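# Breakdown of the fold
Chain by chain, the residues:
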Amino acid sequence: MNMFKKHVTHEISAFLHGELSDDMARTVKMHLAECGACRNALEEIRLGERLASTLRQVEAPESIWREIHTAAETQKRGAQKWSWPDRLLAAAFSFAAVMAFSLFLASYVPGRPDAGDAASWEVASVRGTPQIGNLRLHDTGRLRPGDSLETNAHSEAKVQIADIGHLTLDPNSRIRLISTNSDQHRIALDRGRMTATTWAPPRLFVVDTPSATAVDLGCIYSCEVQKDGSTLLHVTLGLVALDFHGRETVVPAGAFCRTRPGGGVGTPYFEDSTEPLQTALNYVDFGGNESERARQLDIVLREARPRDTLTLWHLLPRLRERLRSQVLDRMVALAPMPQTVTRSGIMSLDADMMDSWKSELEKSW
Amino acid sequence: MEGIPINRRLSAEFDNVGAMKLCAVTSDFPIDDRTIEACQRGDSEGFRLLFEVYKDRVYSIALYYFNGDEASAHDVTQQIFLKLLTHIRQFESRSEFSTWLYRMVVNACLDRKRALRRFLSLDNSHAHEIPAARKSMEEKVIQNEREASIRLAISGLKPKLRMAILLKHFEELSYDEIAVVLGCSKGTVASRLNRGHQILARKLVHLRGYGPGGGGWEE
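Keep in mind that this is a model prediction, so the values were computed, not measured.

### Here we look at the overall build of chain B
- Across its full length, chain B carries 10 helices and 0 strands.
- Secondary structure elements in chain B, listed N-terminal to C-terminal, are α-α-α-α-α-α-α-α-α-α.
- Within chain B, the proportion of its 219 residues that are buried is 41%.
- Counting only contacts in chain B whose residues sit at least 6 apart along the sequence, the fraction spanning at least 24 positions is 62%.

### With respect to the interface of chain A and chain B
- On the side of chain B, 47 residues touch chain A, which itself brings 40 residues to the contact.
- Taken together, the elements giving at least two residues each to the side of chain A that touches chain B come down to helix 1 (12-16), helix 3 (36-52), helix 4 (63-79) and strand 13 (231-237) of chain A.
- At 9 residues, the largest contribution of residues to the side of chain A that touches chain B is made by helix 3 of chain A.
- Broken down by class, the residue content of the side of chain A that touches chain B amounts to 19 nonpolar, 9 polar and 12 charged.

### Concerning the packing of helix 8 (residues 159-171) of chain B against helix 10 (residues 186-203) of chain B
Residue and element names in this part refer to chain B.
- Contact geometry of helix 8 with helix 10 gives a least axis separation of 9 Å together with a crossing angle of 95 degrees. With respect to each other, helix 8 and helix 10 are oriented roughly perpendicular. Counting all contacts with helix 8, which are made through Lys 160, Leu 161, Ala 164, Ile 165 and Lys 168, the residues of helix 10 involved are Val 189, Arg 192, Leu 193, Arg 195 and Gly 196.
- Considered class by class, the residues forming the contact of helix 8 with helix 10 number 5 nonpolar, 1 polar and 4 charged.

### Points about helix 8 of chain B
Residue and element names in this part refer to chain B.
- With 13 residues, helix 8 ought to run about 18 Å at 1.5 Å a step, and its terminal C-alpha atoms sit 17 Å apart, in line with that.
- Of all 13 residues making up helix 8, 11 are buried, and the element is well covered by its neighbours.
- Looking at helix 8, one finds that the buried residues are Leu 161, Arg 162, Met 163, Ala 164, Ile 165, Leu 166, Leu 167, Lys 168, His 169, Phe 170 and Glu 171.
- Within two residues after helix 8, Glu 172 carries a phi angle of roughly 50 degrees, on the positive side.

### Focus on the nonpolar core
- Of all hydrophobic cores here, the largest spans 134 residues; its most connected members are Val 159, Leu 233, Val 235 and Val 240 of chain A together with Ala 62, Val 105 and Leu 167 of chain B.
- Top element by residues in this core is helix 4 (residues 44-65) of chain B. It accounts for 13 residues.
- Both domains that meet at this core, namely domain 1 (7-127) and domain 2 (129-208) of chain B, each give it at least three residues.
- The residues touching Leu 233 of chain A, leaving out its near neighbours within four places in the chain, are Ala 214, Tyr 221, Cys 223, Val 240, Leu 242, Val 251, Phe 256 and Cys 257 of chain A.

### Some points on helix 5 (residues 70-87) of chain B
- The terminal C-alpha atoms of helix 5 of chain B lie 25 Å apart, and with 18 residues this matches the ideal 26 Å at 1.5 Å per residue to within 8%.
- A large share of helix 5 of chain B lies buried, amounting to 13 of its 18 residues.

### Focus on the pairing of strand 15 (residues 247-252) of chain A
Residues and elements named next belong to chain A.
- One ladder, built from 6 bridges, connects strand 14 (residues 239-244) with strand 15; its direction is antiparallel. Considered in strand 15, the bridge of Phe 244 is made with Arg 247.
- Turn length for the strand 14-strand 15 hairpin, with the two strands adjacent in sequence and antiparallel, is 2 residues, and the turn residue His 245 shows positive phi of about 50 degrees.

### Here's the deal with unusual backbone geometry
Residues and elements named next belong to chain A.
- The residue Asn 172 is not glycine, and still its phi comes out positive at about 55 degrees.
- Within the element layout of this structure, Asn 172 appears in the loop between strand 7 (165-169) and strand 8 (174-180).
- Given 18 C-beta atoms within a 10 Å radius, Asn 172 is considered partly exposed.
- Unlike most non-glycine residues, Arg 203 shows phi in positive territory, near 75 degrees.
- Relative to the helices and strands, Arg 203 resides in the loop between strand 9 (185-198) and strand 10 (205-208).
- The class of Arg 203 is partly exposed, set by 15 C-beta atoms lying within 10 Å.

### Some remarks on the environment of Lys 83 of chain B
- With respect to the element layout, Lys 83 of chain B can be found in helix 5.
- C-alpha of Lys 83 of chain B to C-alpha of Leu 101 of chain B: the two residues are 18 residues apart in sequence and 9.9 Å apart in space.

The rules behind the values
Residues numbered from 1 in each chain as written. Chains lettered and ligands numbered in written order. Predicted model: local features only at pLDDT ≥ 70, side-chain atom pairs only at ≥ 80, totals over all residues. Helix = DSSP H or I, 4+ residues; strand = E, 2+ residues; numbered from the N terminus. Buried ≥ 20, exposed ≤ 12 C-beta atoms within 10 Å, placed from the backbone. Contact = placed C-beta atoms within 7 Å. Nonpolar A, V, L, I, M, F, W, Y, C, P; charged D, E, K, R; others polar. Axes fitted to C-alpha atoms, helices over the stretch in contact; angles between N-to-C directions. Parallel < 35°, antiparallel > 145°, perpendicular 65-115°, else oblique. Expected span 1.5 Å × (residues − 1). Core = buried A, V, L, I, M, F, W, Y, C linked by C-beta atoms within 7 Å. Domains from an automatic or database assignment. Pairing = 2+ DSSP bridges.

Here it is as structure tokens:
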């Protein structure tokens, strides 16, 4: 079959959009002149193309800009280093603010004047009817320490986290309010997914999950507890620390980190890292077979870009010497060590050298 | 006004005549290197300009991708601009800004879809109305029905075909640009668009007379 006889149905959209070379467009035209089947296909695809072209742009709500502005301010505050006097001052201020807010609520919310509301959070239904304990929520309600808030497949809720932020609870999720006071606001995420936005000093908002504790360092992030009890943390802005038995992993914006019951905290990775890297890393973190782990580590190293030194840096202390050495080789190839850092220092996990190199690497994170 | 950076000029205009005017001025305004550099230096006016130019496009792609789910479109749009705010320094001007941005949009939509898939099925029972432009009531009803049909047909496409269609028809990206955004070859883009258009036509054959040039075919 010569070129003119070969059907051109696969080229028709490109032909209509002027994306074919002159020669190819000429070939398609000549074929169409002689082939009824391809002309029918042209008619059909042209109809689809024309209907798709009627899609209209929709105006984005102006509120998005305000929210971005607020979030940016949050990040600025979250990024600040807080000394202890500052933290105490902030805590005192927060306490005063919570008290004032609570007094305001006690005075102005009809039917809810009791002093117990000082330690409760406002909850609003976003859609459907979420439940606080056994109470079905059609509009707004209050979540008190000890209460659980639960959504089903058709409901979603928004919760005001005292005066330091808010969270949204996705469908099929449950949180419990453990405590709320000026020193700490603590919830447990038992299942499902929540997204939190906070503008408080670091470490005031804490989320317990079945496999780790997420400590807010001033940011926007989502936390998802999966059926097996593992947790997937995704940080959109700022930083979140994942704590497991006192060992802390700080996850920056744009990164994910997984934790597993009994398996501890996994290695953070960027959302734009390759899929093979993410899959292999999951095995390196939680897989059982040592030789397979080494094979998967090779994939991680092969796929890593300079930005993925986030992952490689966190892998260093988690691996035995031989594998650590391989990680180090790859890191050096991606981002040279500063002069103050030596290979032997990193191999022995010297804390100062690890920190120095991290400070340099962070510029690409 | 000559010699004043464009973002300053537009910002001044914004101050004088308000947000609507800025939206009108910027809706088709190409973002140039100076605006990007201003954003990379942390210039808030530059960022506002960037937001005004791209907000509706980002929102619309997400809205159509999620079958009219405004909450998802809102979240994706917010997330994209927050990421832009914090990551724009990583943008290297040797690549096209819009391509870089749309790649982020595609990834954000896929991430959100993955998250939602665990909780909800994005089937037609969750379809939301996409607001129509102001028209007479009758025209509006008819247009809404047609658009709802097109939207449903698009939402029924496989995500890969759907995104290729949205990038082509909302953003008028070339096949090369779509290939970069979607991380595939130009041939794959052509094939996805071809398939996508074909499926739409089969589902929407009853709308044969609708749309630009819908009264008759140009040959």
